[in-house]
Amino acid sequence: MPTLPITANYRRDGDDWAVTVRTAERALDAVAPGLIAARVQADQLVDEISGGNEDRAVVHMLDGDAYAFSVVYLHTRHGLPLSRDASTPHDQAFEA
């Protein structure tokens, strides 16, 4: 069975975080009270959407940007402050 490509796209939804996990054929959504909780939800949705396929590749993105997700997630996970840069397209992620 070939590797199943999966994307998990996160976005702010008011005070919460929304995540959409998608394959070519299907999409699942969830909302969580924080980015860490949304990441946990994404893992659960990946398990559900993959249908038992253990050979899968998941890319986590913030508004379609994998690098932005990595920066925000790692800062949040380790309790580090995010510096606000007006040039970033993801200013919404830095407010929290």
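Note that the structure is a prediction, hence the values are computed from the model and not measured.

Cut-offs applied
- Residues numbered from 1 in each chain as written.
- Predicted model: local features only at pLDDT ≥ 70, side-chain atom pairs only at ≥ 80, totals over all residues.
- Heavy atoms only, no water.
- Helix = DSSP H or I, 4+ residues; strand = E, 2+ residues; numbered from the N terminus.
- Areas by Shrake-Rupley, 256 points an atom, 1.4 Å probe, with all protein chains shown as cover.
- Core = buried A, V, L, I, M, F, W, Y, C linked by side-chain atoms within 4.5 Å.
- Buried < 20%, exposed > 50% of the residue type's maximum accessible area, 1.4 Å probe, protein only.
- pLDDT = per-residue confidence, 0-100.
- Salt bridge = Lys/Arg side-chain N within 4 Å of Asp/Glu carboxyl O.
- Pairing = 2+ DSSP bridges.
- Axes fitted to C-alpha atoms, helices over the stretch in contact; angles between N-to-C directions.
- Phe/Tyr/Trp six-rings, centres within 6.5 Å; stacked < 30°, edge-to-face > 60°.

Visitor: Run through the overall build of the protein, naming residues and quoting values.
Guide: Each helix and strand in the protein was counted, giving three helices and four strands. When the elements of the protein are put in sequence order from the N terminus, they spell out β-β-β-α-β-α-α. For the protein, the computed accessible surface area is about 5,700 Å², with 51% contributed by carbon and sulfur atoms.

Visitor: Describe unusual backbone geometry, and please don't skip the residues or the numbers.
Guide: We note that Asp63 has phi near 50 degrees; this positive angle belongs to a residue other than glycine. Its place among the elements puts Asp63 in the loop between strand 4 (56–62) and helix 2 (66–77).

Visitor: Would you mind going over the nonpolar core in detail, with residue names and values included?
Guide: In terms of nonpolar packing, the biggest core is built from 21 residues, with Tyr10, Val19, Val21 and Leu35 touching the most fellow members. The set of elements that each furnish at least two residues to this core consists of strand 1 (4–13), strand 2 (16–22), strand 3 (27–32), helix 1 (35–49) and helix 2.

Visitor: Summarise the confidence of the model for the protein; cite the residues concerned and give the values.
Guide: On average, residues of the protein score 87 in pLDDT, and 84% of them are at 70 or above. Mean pLDDT across the secondary structure elements of the protein bottoms out at helix 3 (residues 91–94), with 50, and peaks at strand 3, with 98.

Visitor: Let's hear about the pattern of salt bridges: which residues, and what values?
Guide: When charged atoms on two side chains of opposite charge get close, those side chains can pair. Evaluated as defined, the whole model comprises three salt bridges. Between Arg26 and Glu48 there is a salt bridge, with the nearest N and O atoms lying 3.5 Å from each other. Of the two residues, Arg26 is situated in the loop between strand 2 and strand 3 and Glu48 in helix 1; the sequence distance between them amounts to 22 residues.

Visitor: Any chance you could break down the sheet that holds strand 2 for me, citing the residues and the numbers?
Guide: The strand order across the open sheet formed by four strands is 3-2-1-4, and the pairing between neighbours is mixed. Looking along the sheet, the strands with just one partner apiece sit at the ends: strand 3 and strand 4. Going from strand to strand, the sheet's axes swing by 20 degrees on average, the running direction of each strand aside. Pairing geometry for strand 1 and strand 4, over seven bridges, is parallel. Bridging from a neighbouring strand, Tyr10 pairs with Leu62 of strand 4.

Visitor: Got a sec to walk through the packing of aromatic side chains? Specific residues and values, please.
Guide: Counted under the stated rule, the structure contains two aromatic pairs. Seen in terms of ring centroids, Tyr10 and Phe69 are 4.5 Å apart; in terms of plane orientation they differ by 20 degrees. Their pairing is stacked. With Tyr10 in strand 1 and Phe69 in helix 2, the pair connects residues that are 59 residues apart, well separated along the chain. Residues Tyr10 and Phe69 agree in their burial class; the two are buried. Aromatic pair Phe69 and Tyr73: ring centres 5.3 Å apart, planes at 15 degrees, arrangement stacked. Here Phe69 pairs with Tyr73, and both are found in helix 2, just four residues apart, close to one helical turn. Across the pair, exposure class does not vary: Phe69 and Tyr73 are buried alike. Joined through ring pairs, the aromatic side chains of Tyr10, Phe69 and Tyr73 make up one cluster.

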